[in-house]
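Listed below are the residues making up each chain.
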Amino acid sequence: MLSRSLASLALALCLGLPAAARTVTVETATGPAELTADPARVAVMDIAALDTLDALGVDVAGVPEPHYLPYLDATASRATRIGTLFEPDFEALAILDPDLIVVGSRSSGQAAALARIAPTIDMTVTGQDMLAETRARLRAYGRLFGRETEAAALEAALDARIAAARAAVAGKGDALIVLTNGGKISAYGRDSRFGWLHTALGLPEAHPDLGATTHGEAISFEFVAETDPDWILAIDRGAAIGASGEAAAATLDNVLVRGTEAARAGQIVYLDSGPLYIAGGGVQSMMHTLDEIVAAFSADRP
């Protein structure tokens, strides 16, 4: 006997009526959302979301400009420009007529306005438990686009990299995560946007009392010298957004930083800032950073 759904489909076909669209419920940053499965035209206003959708092989119809990351160029080249990460182009979006709009992080504040154009979901990934949220977003996209198999494979690859990075950092000492912005520096603790490098990897904090502020805590070079970390993980904001100005290596090249254990041991690691800063929480971004951590902590030191 046909199930009720199959019977409804058969009746619709017999009567020449369109079959009802299949819906799925997926988890978002603001709770469960019921959506039409496998939306054809998706506008993406968040680079972490674009990163993960690209990894799943999902074509998108609209992207912000600039998107900053060369590994997303091919996907972006096939899409309409729909504004910036902070300011949507509502006219371009109306013309595009998307079936779904995805916002997150920098664009999340525009969700209500964008919902007047099309169903809109907030897929923000925060620093509180970034690894768990990255997994959750990956599974949600897999369910939404019927790519559960691909999502499971990516999650397994991510887990393997987490395991490799945990092994690489084990017993190697503590670390201080710093972001440079021209000549200024700030530090990030375990509850910050970059804190998953501590929590997911078991990497001890050189200074455990840092707060969870989005933009880190402004610090001085004296603070770095007094903290004396075994490792410094440096993120260059200027390089991430293509801004001119002093590079991270120049900013950290001073007598106070040179006196730290990290500098003396050749353990200042300049992470690829674009993926980490712009697409934090994207599955490709996260795996790229983990590969960098494994390489840095496994390398022979001078």
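What you see as residue numbers is a count from 1 along each chain, following the sequence as written. For this predicted model, a pLDDT threshold of at least 70 governs which residues receive local features, and a threshold of 80 or more governs which side-chain atom pairs are given and counted, while totals over whole chains, interfaces and linings are taken from all residues. Working from all heavy atoms in the structure, the side-chain values ignore hydrogens and water.

## Observations concerning the environment of Val 44
When you line up the elements, Val 44 lands in strand β3 (residues 42-44). Throughout, exposure labels follow a simple rule: accessible area from a 1.4 Å probe, protein chains only, divided by the maximum for the residue type, with under 20% read as buried, over 50% as exposed, and the rest as partly exposed. Take Val 44: its relative accessible area is 0%, and that puts it in the buried class. Put simply, Val 44 and Glu 133 are 89 residues apart on the chain and 18 Å apart in space, counted from C-alpha to C-alpha. When sequence neighbours within four positions are dropped, the list of residues in contact with Val 44 reads Ala 49, Leu 50, Leu 53, Val 60, Gly 62, Val 63, Pro 64, Ile 82 and Val 102. Comment: elements are numbered from the N terminus, with helices defined as DSSP H or I runs of at least four residues and strands as E runs of at least two. We call two residues in contact when some of their heavy atoms are within 4.5 Å.

## Looking at the sheet that holds strand β12 (residues 268-270)
The strand order across the open sheet formed by 5 strands is β10-β9-β8-β11-β12, and the pairing between neighbours is mixed. Among the strands making up the open sheet, the edge pair consists of β10 (217-219) and β12. For this sheet, the mean inter-axis angle between neighbouring strands, taken without regard to orientation, is 35°. DSSP calls a pair of strands paired once it identifies at least 2 bridges connecting them. As defined by bridge partners, strand β8 (residues 175-181) adjoins strand β9 (residues 184-188) across 5 bridges and the pair is classed as antiparallel. Its bridge partner being in β9, Thr 180 is matched across the sheet by Ile 185. Where helix α15 (residues 283-298) meets the sheet, its contacts fall on β11 (231-236) and β12, and the angle it forms with β11 comes to roughly 145°. Here, axes are lines fitted to C-alpha atoms. For helices the fit covers the stretch in contact, and angles between N-to-C directions go from 0 to 180 degrees.

## Section: the side chain of Thr 260
Mapped onto the secondary structure, Thr 260 falls in the loop between α12 (255-258) and α13 (261-264). Within polar-contact distance, the side chain of Thr 260 engages the backbone oxygen of Val 257 at 2.7 Å. Discounting residues that sit within four places of it in the chain, Thr 260 has contacts with Val 224, Ala 225, Asp 228, Pro 229 and Ile 232. N or O atoms within 3.5 Å of each other form a polar contact, as long as, within protein, one can give a hydrogen and the other can take it, and as long as residues adjacent in sequence are counted only when both atoms are side-chain atoms.

## Some words on the domain arrangement of the protein chain
An automatic or database domain assignment supplies the residue ranges for each domain. Structurally, the protein chain comprises domain 1 (23-152) and domain 2 (171-270). Here the C-alpha centre of domain 2 lies 30 Å away from the C-alpha centre of domain 1. Between domain 1 and domain 2, the contact holds 6 residues from the first and 8 residues from the second. Carbon and sulfur atoms supply 53% of the area buried between domain 1 and domain 2, which totals about 540 Å² over both sides. Buried area: the accessible area, evaluated with a 1.4 Å probe, that two parts lose upon being put together, summed over both parts. On the domain 1 side of the contact with domain 2, Tyr 68, Gly 127 and Met 130 bury the most area, a combined 59% of that side's loss. Salt bridges are counted wherever a side-chain nitrogen of Lys or Arg sits within 4 Å of a carboxyl oxygen of Asp or Glu. Across the contact surface, domain 1 and domain 2 share 0 salt bridges. On the surface where domain 1 and domain 2 come into contact, there are 0 residue pairs in polar contact (both at pLDDT 80 or more).

## Some points on the side chain of Thr 28
Tracing the backbone shows Thr 28 in strand β1 (residues 23-28). On the accessibility criterion, Thr 28 (8% relative accessible area) is buried. A distance of 2.6 Å separates a polar atom in the side chain of Thr 28 from the backbone oxygen of Gly 31. For Thr 28, the contacting residues outside a window of four places in its chain are Ala 33, Ile 121, Asp 122, Met 123 and Arg 137.

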